[in-house]
Amino acid sequence: KQEVTQIPAALSVPEGENLVLNCSFTDSAIYNLQWFRQDPGKGLTSLLLIQSSQREQTSGRLNASLDKSSGRSTLYIAASQPGDSATYLCAVFTGGGNKLTFGTGTQLKVEL
Amino acid sequence: NAGVMQNPRHLVRRRGQEARLRCSPMKGHSHVYWYRQLPEEGLKFMVYLQKENIIDESGMPKERFSAEFPKEGPSILRIQQVVRGDSAAYFCASSPWGGGVTEQFFGPGTRLTVL
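As the structure is a prediction and not an experimental result, all values here were calculated from the model. (Residues numbered from 1 in each chain as written. Chains lettered and ligands numbered in written order. Predicted model: local features only at pLDDT ≥ 70, side-chain atom pairs only at ≥ 80, totals over all residues. Heavy atoms only, no water.)

### Details of the state of the cysteines
What is meant by a disulfide is a covalent connection between two cysteines, made through their sulfur atoms.
Residue and element names in this part refer to chain A.
No. 1: Tallying each qualifying case throughout the model produces two disulfides over all chains.
No. 2: The disulfide partner of Cys23 is Cys90, and the S-S distance across this bridge is 1.9 Å. Residues Cys23 and Cys90 are joined through a disulfide that is right-handed, its torsion about the S-S bond being 70°. Residue Cys23 is located in strand β3 (residues 19-25), and its partner Cys90 is located in strand β9 (residues 86-94); the two are separated by 67 residues in the primary sequence. (Disulfide = S-S within 2.5 Å. Helix = DSSP H or I, 4+ residues; strand = E, 2+ residues; numbered from the N terminus.)

### A short note on the sheet that holds strand β6 (residues 56-59) of chain A
All names here are of chain A.
No. 1: Strands sit in the order β1-β3-β8-β7-β6 across an open sheet of five strands; the sheet is antiparallel. Two strands in the sheet have a free side with no partner beyond their single neighbour: β1 (4-7) and β6. Put simply, the sheet's adjacent strands are angled 15° from each other on average, direction ignored.
No. 2: Bridge count between strand β7 (residues 62-67) and strand β8 (residues 72-77): six bridges; the pairing is antiparallel. Its bridge partner being in β8, Leu66 is matched across the sheet by Ser73. (Pairing = 2+ DSSP bridges. Axes fitted to C-alpha atoms, helices over the stretch in contact; angles between N-to-C directions.)

### A look at the sheet that holds strand β8 (residues 75-79) of chain B
Each strand in a sheet pairs with another by means of backbone hydrogen bonds, the pair being arranged parallel or else antiparallel.
Residues and elements named next belong to chain B.
No. 1: The strand order β1-β3-β8-β7 describes an open sheet built from four strands, whose pairing is antiparallel. In this open sheet, the two strands that pair with only one neighbour each are β1 (5-7) and β7 (65-68). Each strand of the sheet is rotated relative to its neighbour by a mean of 15°, with strand direction disregarded.
No. 2: Bridge count between β7 and β8: four bridges; the pairing is antiparallel. Bridging across to β8, Ala67 finds its partner in Leu77.

### Brief notes about the interface of chain A and chain B
No. 1: Each side of the interface is counted separately: chain A has 20 residues, and chain B has 20 residues.
No. 2: For the pair chain A and chain B, the summed buried surface comes to about 1600 Å²; carbon and sulfur atoms form 50% of the total.
No. 3: For the pair chain A and chain B, the number of links is one salt bridge.
No. 4: Among the salt bridges present, the one from Asp56 of chain B reaches Lys99 of chain A, with a minimum N-O distance of 3.6 Å.
No. 5: Applying the counting rule to chain A against chain B returns seven residue pairs in polar contact (both at pLDDT 80 or more).
No. 6: Broken down by secondary-structure element, the contributors of at least two residues to the side of chain A that touches chain B are β4 (32-38), β5 (44-51), β9 and β10 (99-102) of chain A.
No. 7: Here the side of chain A that touches chain B is built from residues that sort into eight nonpolar, ten polar and two charged. (Contact = heavy atoms within 4.5 Å. Buried area = accessible area lost by both parts, 1.4 Å probe. Salt bridge = Lys/Arg side-chain N within 4 Å of Asp/Glu carboxyl O. Polar contact = N/O pair within 3.5 Å; in protein donor to acceptor, adjacent residues only side chain to side chain. Nonpolar A, V, L, I, M, F, W, Y, C, P; charged D, E, K, R; others polar.)

### Structural notes on the packing of aromatic side chains
No. 1: Per the counting criterion, the structure on display carries seven aromatic pairs over all chains.
No. 2: Relative to Tyr35 of chain B, the ring of Phe102 of chain A lies with its centre 5.6 Å away and its plane at 90°, an arrangement referred to as edge-to-face. Pair noted here: Phe102 of chain A is in strand β10 and Tyr35 of chain B is in strand β4 (residues 31-37), and the two residues belong to different chains.
No. 3: The buried category is assigned to Phe102 of chain A, whose relative accessible area is 7%.
No. 4: A relative accessible area of 0% places Tyr35 of chain B in the buried class.
No. 5: An aromatic cluster of at least three residues, connected via ring pairs, comprises Phe36 and Phe102 of chain A together with Tyr35, Phe45 and Phe106 of chain B. (Phe/Tyr/Trp six-rings, centres within 6.5 Å; stacked < 30°, edge-to-face > 60°. Buried < 20%, exposed > 50% of the residue type's maximum accessible area, 1.4 Å probe, protein only.)

Interpretation in functional terms is not warranted from these geometric data alone.
Written out as structure tokens, the structure is:
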């Protein structure tokens, strides 16, 4: 059974800091991996999709890496801003690639 | 291109009543997924549907829960005889293709409260 863990569970940083969020999964036989952010009381916003054959994907200040063999992905956020405050979720595609197994989330707070 | 739409956004039911949650996928998307987020827990997969077909319902509780995605109209998640433990946020997602080839795009969710 696939299990996805995210470390740290919570993180508070000053504005402008670069930071790394970690995601690990127990079964390396994944299809792809997707990172999301969730604001309180809201839905999920897709940030990045990394195909299983890719090592890295970038979008603006965000960079996500994937190492399938070690069961790890990281999300790098450059020059953090207060608007980045949210819960960040990683999810791996399993079950024929049709269902997402979500991590436990990292709650990020970026302070002025 | 409007995003995934869900309604109602908030739903209050008394124990024993029925809850019907609706999801309209993004235009051009024929694959729909339902997830549930219980209080203080992570998101869990419930069911995956294509038009008129249930493809994977491995995450659905065995009783009281059903889902459909008819040829015309939105996908419906139906919970019969609700209990307090059904209180949660229910999210719908859609994608243009299956197999994890593309991202899943999520709606804003329906927050169900059972009194």
